[in-house]
Amino acid sequence: MIDKGMLKQNSLTGKTVVITGGGTGLGKSMGQYFLELGANLVIASRKEDILNDTAKELMEQTGGIVLPVACDVRKYSEIENVLSAGREKFGEVNVLVNNAAGNFISPTERLSHKAFDVITDIVLKGSYNATLAFGKYWIKHQIKGTILNIVTTYAETGSGYVVPSALSKAGVIALTKSLASEWAKYDIRSNAIAPGPFPTEGAWTRLFPDIIADKIDPLKRIPLKRFGEHEELANLAAYLISDFSSFINGDIITIDGGESIYGAGEFNSLDNVPAEMWPQIEKMVRKKK
Ligand code: HXC
Ligand code: NAP
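Thresholds, definitions, all that
Residues numbered from 1 in each chain as written. Chains lettered and ligands numbered in written order. Predicted model: local features only at pLDDT ≥ 70, side-chain atom pairs only at ≥ 80, totals over all residues. Heavy atoms only, no water. Near = heavy atom within 4 Å. Polar contact = N/O pair within 3.5 Å; in protein donor to acceptor, adjacent residues only side chain to side chain. Areas by Shrake-Rupley, 256 points an atom, 1.4 Å probe, with all protein chains shown as cover. Helix = DSSP H or I, 4+ residues; strand = E, 2+ residues; numbered from the N terminus.

A. Expanded view of the site of ligand 2. Around ligand 2 sit 27 residues, and of these Thr-24, Ser-45, Arg-46, Asn-99 and Thr-200 come closest. The backbone of Gly-21 places a nitrogen or oxygen atom 3.4 Å from an oxygen atom of ligand 2. Taking Phe-198, its main chain carries an N or O atom lying 2.8 Å from an oxygen atom of ligand 2. Here ligand 2, which alone exposes 870 Å², has 91% of that area covered by the protein. At the level of elements, helix H1 (25-36) and helix H7 (201-207) are the ones that each hand at least two residues to the shell around ligand 2. Of all the elements, H7 adds the most residues to the shell around ligand 2, at three residues.

Have a look at this one:
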């Protein structure tokens, strides 16, 4: 458990950060750390009561200022409203964290087209809506901007049972890389973080329900044999939105304890072979000269 932040005090002073989905889970944890580092914070999601509670809690904890704005990222006009509310309150908005998401496990053939729509609309459309609204504004007013997209490790490999999420996050990676090239001339950087499993109520209830706990143990797939700590993700995110990472643009940074490369290595499951079996295995294999 890391209880001290990585960056120096006031590393984010002068920045106003908008986090979509900032009322809960990883968005809330990132927001807390950004406030500790001196940023102003806008949190935006659908549930106003949760946003208000989080804003109050974070302000009490950190002494920073948080503006909660109800917003459905699927609606462009509501995103524009978040931007104007943030500018009105703080004078300027210069960082966007696309963190809002929807997801659940299901065999793909069980999904209705509306189930596909709901996930792709939140994740892909929500991310490009916010990116477009903020980007247009920054370009028009010649403001240096930073975009950080929260994706997933399976966006690059694909994954069964979360197909709408996988395809949407893959689109967000393409968005990140494309704009890192196109908008660099406007001093707008785009990067993404691909987290492995970090316990949150939102993810755990929809992806690892108790009823299948004996069938899927995500810990078994992680070489470091533990889940991520929210502070670890918050440290990486703070670095990527800070000026210390000014030359990082278009990168997708994985933070997963080695989970994704473990899954890719064909023989990594030999971890399950007990050490005492290796002399016997070696003997058998050596015989086959
Ligand atoms: C099949 C489902 C379903 C399920 C909903 N649907 N849940 N289909 N299995 N479990 C279908 C519905 O029947 C409906 O289609 C359509 O999807 C829309 O459902 P609604 O309930 O009307 O949608 P809504 O109320 O907008 O809720 C959106 C939601 C919900 C995505 C379904 O879960 C949500 O609000 N999620 C937000 C938070 C979240 O998901 N957090 C987890 C992020 S974790 P029909 O045809 O019936 O009308 C993450 C990390 C991954 O992304 C990596 C971890 C390691
Ligand atoms: P979470 O707490 O459920 O966060 C998702 C947030 O998105 C919620 O605050 C939700 O708030 C908001 N949201 C959903 N639909 C929205 C909409 N239409 N408009 C605006 N906001 C909306 O889950 P989390 O685990 O912290 O996930 C945060 C991010 O990390 C997501 O991008 C997720 O894909 C990513 N991630 C998480 C993990 C993990 O292990 N936890 C791993 C990889 C990637 P409302 O319901 O109020 O709208």
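B. Just the site of ligand 1, in detail. Neighbouring ligand 1 are 17 residues, the closest being Arg-46, Gly-102, Asn-103, Ser-112 and Arg-206. At 2.8 Å from an oxygen atom of ligand 1 is found a side-chain nitrogen or oxygen belonging to Arg-46. Residue Asn-103 places a main-chain N or O atom 3.0 Å away from an oxygen atom belonging to ligand 1. Alone, ligand 1 offers 1100 Å² of accessible surface; in the complex the protein occludes 60% of this.

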